[in-house]
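# Secondary and tertiary structure notes
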Amino acid sequence: MKRIFHWMIFVWVVVPLWPNERDSIRVEQWLKEASFLPADSCRTLYFAKQMLDVPYVAGTLDGNPFEELVIRTDALDCTTYVETVLALCIADRRDARNFAGFKKALTDVRYRDGVLNGYASRLHYFTDWIHNNEQMGFIKECTFETDCAEQKELWLDFMTTHVESYLPMKKNSSLIKEMAVLEKEWQGISVAYIPKEKLNLSPDELKIKDGDILAITTNIKGLDVVHVGFAFWRGEKLHLLHASSIAMKVMEDPQSLYDYSKNKKAHTGVQVVRVI
């Protein structure tokens with residue numbers, strides 16, 4: 001999923017640190033249009049749908065030898081997609097409908113306590129991301145709202161046991177120790193999830209709403225989540241709006257989330273996070 005892309009090979013390419021002018025134009029246009037939406041509109045889905053068909057590109061945050069705020073509206077992976085949408089929602093809620101307001105919101109979302117201070121300050125594990133963004137007041141973890149939720153224990157250490165998949169850590173061994181300290185905080189911690197076998201239940205039973213962030217949990221050792229996206233309902237069927245590495249673009253998945261996950265052995269279920 002997110003920044004923990006353990007199947008890819010990275011090539012170290014220095015990318016521009018400043019956003020493309022088209023990014024700022026798009027962001028400000030989306031925020032301007034959102035200001036005219038009815039008060040009861042689902043702004044999360046509104047912003048998410050503005051990026052339909054944007055190409056899926058992995059590893060856009062790790063193209064420089066030092067950590068900088070990377071902004072891309074022309075290339076997204078599943079986590080940068082979710083972060084971009086959430087940052088737009090926050091900028092809109094703050095009435096900071098300009099590119100500077102969006103950049104501040106994205107920094108708040110992507111980095112621990114909103115402070116960019118090197119590679120380890122980025123919220124790499126999605127469980128950590130949820131916890132920090134909930135503390136910041138941006139989201140609410142609401143997996144427990146359904147009666148079908150279960151618990152599992154986390155033992156996060158995937159990044160430090162698969163250093164070869166993370167170019168910054170390969171280039172700078174001191175980052176391994178920093179990440180190990182952060183991983184230790186998420187070992188032996190219980191978290192809630194809805195088992196994938198339950199994802200064919202009704203909206204009333206699952207209590208998942210359009211625009212909720214869905215994090216697909218996994219049984220991969222040392223890892224918490226393998227993919228993220230947004231919930232939307234078609235009738236009684238739950239679907240995922242996401243940056244798909246299979247379709248290679250942002251899409252409204254035509255198959256239900258139940259069908260999407262049922263034959264994927266690494267998928268165990270979902271965590272549900274609501275934008276507030």
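See the structure above.
In this report, we go over the structure that sits alongside the text. (Residues numbered from 1 in each chain as written. Predicted model: local features only at pLDDT ≥ 70, side-chain atom pairs only at ≥ 80, totals over all residues. Heavy atoms only, no water.)

### Describing the overall build of the chain
Helix and strand counts for the chain stand at ten helices and eight strands. Expected size for 276 residues packed as a compact globule is a radius of gyration near 19 Å; at 18 Å, the chain falls within 12% of this value. Expressed as lengths along the three principal axes of its C-alpha atoms, the size of the chain is roughly 50 × 45 × 35 Å. Counted over contacts in the chain with a minimum sequence separation of 6, partners at least 24 positions apart contribute 68%. Entry remark: accessible area of the chain is about 12300 Å², with carbon and sulfur atoms responsible for 52%. Averaged over its 34 positive side-chain charges, the chain has a centre that lies 2 Å from the centre of its 38 negative ones. (Helix = DSSP H or I, 4+ residues; strand = E, 2+ residues; numbered from the N terminus. Rg over C-alpha atoms; globule rule 2.2 N^0.38 Å. Contact = heavy atoms within 4.5 Å. Areas by Shrake-Rupley, 256 points an atom, 1.4 Å probe, with all protein chains shown as cover. Lys, Arg positive; Asp, Glu negative; His and termini not counted. Charge placed at Lys NZ, Arg CZ, Asp CG, Glu CD.)

### Focus on the side chain of Thr 80
Within the element layout of this structure, Thr 80 appears in helix α3 (residues 78-93). For Thr 80, a relative accessible area of 4% gives the class buried. Ignoring sequence-local partners within four residues, the contact set of Thr 80 consists of Thr 60, Leu 61 and Arg 110. (Buried < 20%, exposed > 50% of the residue type's maximum accessible area, 1.4 Å probe, protein only.)

### Quick word on the environment of Gly 211
Of note, Gly 211 is situated in the loop between α9 (203-206) and β4 (213-218). On the accessibility criterion, Gly 211 (3% relative accessible area) is buried. Gly 211 sits 63 residues away from Arg 274 along the chain, and the two C-alpha atoms are 7.5 Å apart. Those residues in contact with Gly 211, other than ones at most four positions away along the chain, are Cys 42, Thr 44, Leu 45, Phe 230 and Ala 231.

### Observations concerning the nonpolar core
Side chains of a nonpolar character, in soluble globular proteins, are inclined to be buried together. Within the largest apolar cluster, 47 residues are counted, with the highest numbers of intra-cluster contacts made by Phe 47, Tyr 81, Trp 129 and Phe 230. Residue contributions to this core peak at ten residues, all from α3. Not counting residues within four places of it along the chain, the set of residues in contact with Phe 230 comprises Thr 44, Leu 45, Ala 48, Tyr 81, Val 82, Val 85, Gly 211, Asp 212, Ile 213, His 239, Leu 240 and Leu 241. Membership of the second largest hydrophobic core comes to 33 residues, among which are Tyr 119, Tyr 166, Trp 186 and Val 191. (Core = buried A, V, L, I, M, F, W, Y, C linked by side-chain atoms within 4.5 Å.)

### Some thoughts on unusual backbone geometry
At Asp 113, a position not held by glycine, the phi torsion is positive, near 55°. On the secondary structure map, Asp 113 appears in the loop between α4 (99-110) and α5 (126-135). Phi angles above zero are rare outside glycine, and Met 248 is one such case at about 60°. Its location among the elements puts Met 248 in the loop between β6 (237-244) and β7 (249-252).

### Some points on the pattern of salt bridges
Tallied over the full model, the rule gives 18 salt bridges. A salt bridge links Asp 53 to Lys 249, with the nearest nitrogen and oxygen atoms 3.5 Å apart. Residue Asp 53 is located in the loop between α2 (43-50) and α3, and its partner Lys 249 is located in strand β7; the two are separated by 196 residues in the primary sequence. Using a relative accessible area of 32% as the deciding quantity, one classes Lys 249 as partly exposed. Here Asp 212 and Arg 274 are joined by a salt bridge, their closest N and O atoms 2.8 Å apart. (Salt bridge = Lys/Arg side-chain N within 4 Å of Asp/Glu carboxyl O.)

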